[in-house]
Amino acid sequence: MSKKNKSTESQAPEAVSDQFSKQVVEQRLTPNPLNIFAMDKDTLRLALVTAQFALRATRQQTPPTIKKPTGLLVLVNGMEQAGKGTAVTQLRQWVDPRLLKVEATIGDCPLEHQPIWQAHTKALPRHGDVMVYFGNWYADLLYNVMRMVTLDDDDNESDDDKVKKSEDKNNKTLKNNALPIGQWQNYLKKELTKLQAFEQDLAANQTKLLKCWFHVDIETLQARLNDDEADPEFLYQIDWKSKQVVDTFNKVATALLRQQDDWIIINGDDKSEAATHFCHQVLQAMQKALESSKAESQNIKEAAKFEPVAIPKILIEVDDTEIEKSDYHKALADKQAHLAKLLRARQGRHVVFAFEGMDAAGKGGAIKRLVAPLDPREYQIYNIGAPMLYELQHPYLWRFWTKLPNEQVDRISRIAIFDRTWYGRVLVERNEGFATDAEWQRAYDEINRFEADLVAAGTIVIKYWLAIDKGEQLKRFEAREETPHKQFKLTDDDWRNRDKWVGYVQSAADMLARTNTKDAPWAIIATNEKRQARLEVLDHAIKQLSAALSITADTK
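Since this is a predicted model, take the numbers as computed values, not measurements. The written sequence of each chain sets the order in which its residues are numbered from 1. Owing to the predicted nature of the model, reporting of local features is limited to residues with pLDDT of at least 70; listing and counting of side-chain atom pairs is limited to 80 or more, with chain, interface and lining totals taken over all residues. Heavy atoms from the whole structure form the basis of all side-chain values; hydrogens and water molecules are not counted.

Now for helix 10 (residues 218-225). Residue pairs spaced three or four apart in an α-helix point in one direction, given the helix's 3.6 residues per turn. Only protein chains enter the accessibility calculation, which uses a 1.4 Å probe; a residue is then buried when its area is under 20% of its type maximum, exposed when over 50%, and partly exposed in between. Where helices and strands are cited, they refer to DSSP runs of H or I of at least four residues and of E of at least two residues respectively, numbered from the N terminus. Where burial is concerned, most of helix 10 is hidden: six out of the eight residues are buried. When helix 10 is considered as a whole, its buried residues turn out to be Ile218, Thr220, Leu221, Gln222, Arg224 and Leu225. In the analysis that follows, any N or O atom pair within 3.5 Å is treated as a polar contact, provided that within protein one partner can donate a hydrogen and the other can accept it, and provided that, for residues neighboring in sequence, both atoms belong to side chains. Put simply, aspartate 217 is the residue that caps the front of helix 10, since its side-chain oxygen is 3.2 Å from the backbone nitrogen of glutamate 219.

Given below as structure tokens:
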């Protein structure tokens, strides 16, 4: 072999196969905060793509992986003209753009009668995906806070006057009747606490978060606002050309960042450096998500010691009281009329009815009588069964969040009725082994926070547990078998679940003890008499609605 050939061989580049060896790939997927100082852009780009496809593999499970499906949600907020768009554009160029979801909002007034996060739940990424979300729920929160502290003096001034004042930086003032600082700070603190809990529940259910706050000094901001480049619609809908408004915004931002210490602050004075910094943070977040998914899978059997509660007598010794058919129909008509009147007097507030109970306990019949006096356009009924694949690829509660009454959708109904609910995690999933011990034990607190958020926003939550005894269930199963138009209600699983009766009753007792809250109390309807159960369901709805609307209830 010639010297020339030897020289050529000695300078040959690293083989492509070596670049994708198991050891090298593992290095790219291992979190290392020092990489931000040592990794060049080409290496960073390759590491980003490697991590992106590794996350997707957790969802596809091909090749087989021990990691739990996990996604990453990147929240992008901060000041206008701070390099956010440049950073996300750079990220999209360095990863596979088909697998990077991007959504954006600029902030608007939070919708009535629902938590601030609810309007954003449909946009959440699937497990295995990476999503960048400009604005998000923090944009709505910041928009609302800024409305509380800054606005023009005179709401009646002409558009020309407003433009003139906007151009005159010395004339910008705070609104005379703005809320005192203590009030908006208290509002901000309360909402941030709720959002922190919501985000912790997302992370616990395999949607990890990275929160990036972009900041620039006011001189850089003003220079970019006055350059020749076209500006997008301004974030949070505030006047960024006003120094006084910017100062106020920075005070609000400081309060936010002090309370939440999980934000990554990115200096946007140099957009190129900010973009690289952002991409490094996304890489580290993907790497940590992969590590956590592996750890959660390995520790899947670990859970805190769980103490079952004593089963209350009401779930075991079920009432057999009978009611005359004529008396039942008269009482039913009166209560239905009363209920319909209350529901139509709620002034737009959302109502959520949640029905749980033993199989054949009468949930469907109770719901039928509940909605009888209503127009079908006033409500939605959701019959909850096993989750679909796309629902499994989101946090557990996602499939219920997206079915809640929502001011955004083009329908007039603001009443949601759930036949089976989010409590399936601590009932059927617990008993059938579809959820790990850690998952269903954690769910009690997650559900309590979820319902508390709904109630705090103005939603009325009404929950029922319908109980019958085992003998009555058998009678109803046999009756369904013999009735053609009811045979579809009976499945092989229903018969099989009778063998787990004791376990389901214990699960119900644990659920009722741990989720019977002041915000959303349970009504236990324990009777083998269908008619009596239907009347008691209506009585409880009347009582709860009357209390929520401060109306004296009459359930006689």
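As a further point, take the pairing of strand 4 (residues 207-215). Each regular strand displays side chains that alternate between the two surfaces of the sheet. When you tally the buried positions in strand 4, you get seven out of nine residues, the bulk of the element. Strands are labelled as partners when DSSP assigns at least two bridges between them. As defined by bridge partners, strand 1 (residues 71-78) adjoins strand 4 across eight bridges and the pair is classed as parallel. Bridged to glycine 78 within strand 4 is phenylalanine 214. For strand 4 and strand 5 (residues 263-267), the ladder comprises five bridges, and the chain directions are parallel. Following the sheet pairing, cysteine 212 is matched in strand 5 by isoleucine 264.

Quick look at the side chain of glutamine 52 now. Looking at where glutamine 52 falls in the secondary structure, it is placed in helix 5 (residues 41-60). Not counting chain neighbours up to four residues away, the residues in contact with glutamine 52 comprise Val95, Asp96, Leu99, Leu100 and Met286. We call two residues in contact whenever any of their non-hydrogen atoms come within 4.5 Å of each other.

Let's shift gears to the confidence of the model for the protein. Here the protein averages 87 in pLDDT, while 84% of its residues score no lower than 70. Known as pLDDT, the predictor's per-residue confidence is scaled from 0 to 100. Overall, residues 1-12 carries pLDDT values under 50, and its contacts beyond four positions in sequence, including any with other chains, amount to two contacts. Taken as a whole, residues 152-176 scores under 50 in pLDDT and shows 30 contacts with residues more than four places along the chain or in a different chain.

Turning our eyes to something else, we now look at the packing of aromatic side chains. Each pair of aromatic rings taken from Phe, Tyr and Trp, with Trp reduced to its six-membered ring, is defined by centres within 6.5 Å and is described as stacked if the planes are under 30 degrees apart, edge-to-face if over 60, and tilted in the remaining cases. Considering all chains together, one arrives at 26 aromatic pairs under this definition. Arranged with centres 5.4 Å apart and planes meeting at 85 degrees, the rings of tryptophan 137 and phenylalanine 198 form a pair that is edge-to-face. Here tryptophan 137 is found in helix 7 (residues 136-149), whereas its partner phenylalanine 198 is found in helix 9 (residues 181-204), with 61 residues between them in sequence. Note on accessibility: tryptophan 137 and phenylalanine 198 belong to one class, buried. Here the aromatic rings of tyrosine 236 and tryptophan 240 are separated by 6.2 Å at their centres, their planes lie at 45 degrees, and the arrangement is tilted. Each member of the pair, tyrosine 236 as well as tryptophan 240, carries the same accessibility label: buried. Through pairs of rings, three or more aromatic residues link up here, namely Tyr382, Tyr396, Phe400, Phe418, Trp422, Tyr423, Phe450 and Trp522. Above the face of the tyrosine 396 ring, arginine 425 is positioned so that its terminal group lies 4.0 Å from the ring centre. Definition used: whenever NZ (Lys) or CZ (Arg) falls within 6 Å of the ring centre and also within 35 degrees of the ring normal, the charge is taken to sit over that ring. If you follow arginine 514 out to its NZ or CZ, it ends over the ring of tyrosine 444, 5.5 Å from the centre.

Phi is positive for tyrosine 236, which is not a glycine, with a value near 65 degrees. Within the secondary structure, tyrosine 236 is located in the loop between helix 10 and helix 11 (243-259). Note on tyrosine 236: relative accessible area 0%, which makes it buried. Positive phi is not limited to glycine here, since glutamine 237 has a value of about 55 degrees.

Across the interface, helix 9 lies against helix 11 with an axial gap of 10 Å and an inter-helix angle of 40 degrees. Relative to helix 11, helix 9 is oriented oblique. Where helix 9 crosses over helix 11, the two elements pack in a sense that is right-handed. Contacts between helix 9 and helix 11 involve Trp184, Leu188, Lys189, Leu192 and Thr193 from the former and Val252, Ala255, Leu256 and Gln259 from the latter. Classification convention: Asp, Glu, Lys, Arg as charged; Ala, Val, Leu, Ile, Met, Phe, Trp, Tyr, Cys, Pro as nonpolar; all other residues, Gly among them, as polar. Of the residues that constitute the contact of helix 9 with helix 11, the class distribution is six nonpolar, two polar and one charged. Whenever a helix is involved, its axis is fitted only over the stretch in contact; in every case the axis is a line through C-alpha atoms, and angles between N-to-C directions fall within 0 to 180 degrees. Here roughly perpendicular refers to angles of 65 to 115 degrees, roughly parallel to angles under 35, roughly antiparallel to angles over 145, and oblique to all remaining angles. The hand of a helix crossing depends on one turn: near helix anticlockwise from the far one by less than a right angle means left-handed, and clockwise means right-handed.

The sheet built from five strands is open, its strands ordered 2-3-1-4-5 with parallel pairing. Each having just a single partner strand, strand 2 (100-104) and strand 5 make up the two edges of the open sheet. On average, each strand axis in the sheet is tilted by 20 degrees relative to the strand beside it, whichever way the strands run. Relative to strand 3 (residues 130-134), strand 2 runs parallel, the two being bridged by five bridges. Counterpart to lysine 101 in the pairing with strand 3 is methionine 131. Contacting strand 1 and strand 4, helix 9 crosses the sheet at an angle of about 135 degrees to strand 4. Set on the sheet, helix 11 makes contact with strand 1, strand 4 and strand 5; between it and strand 4 the angle comes to about 145 degrees.

In terms of residue burial, strand 9 (residues 460-467) counts as a mostly covered element, since eight of its eight residues are buried. Side chains Ile460, Ile462, Tyr464 and Leu466 project from strand 9 onto one buried face, and the interleaved Val461, Lys463, Trp465 and Ala467 project onto a second face that is buried too. In terms of strand pairing, strand 6 (residues 351-357) meets strand 9 through seven bridges, oriented parallel. Paired with glycine 357 across the strands is leucine 466, a residue of strand 9. Bridging between strand 9 and strand 10 (residues 522-526) involves five bridges; their strand directions are parallel. The partner of tryptophan 465 across the bridge, within strand 10, is isoleucine 524.

Following the sequence through the fold, leucine 490 ends up in the loop between helix 20 (470-482) and helix 21 (492-497). With a relative accessible area of 14%, leucine 490 lands in the buried category. Ignoring any residue separated from it by four or fewer positions in sequence, one finds leucine 490 in contact with Phe477, Arg480, Glu481 and Trp495.

Residues Phe278, Phe353 and Trp422 are the most contacted members of the largest nonpolar core, which totals 149 residues. Looking at which element gives the most residues to this core, the answer is helix 12 (residues 271-298), with 10 residues. With sequence-adjacent residues up to four places away left out, phenylalanine 278 is seen in contact with Val74, Val76, Ala87, Val88, Leu91, Cys212, Phe214 and Ile266. By nonpolar core we mean a set of buried residues, namely Ala, Val, Leu, Ile, Met, Phe, Trp, Tyr and Cys, connected to one another through side-chain atoms within 4.5 Å.

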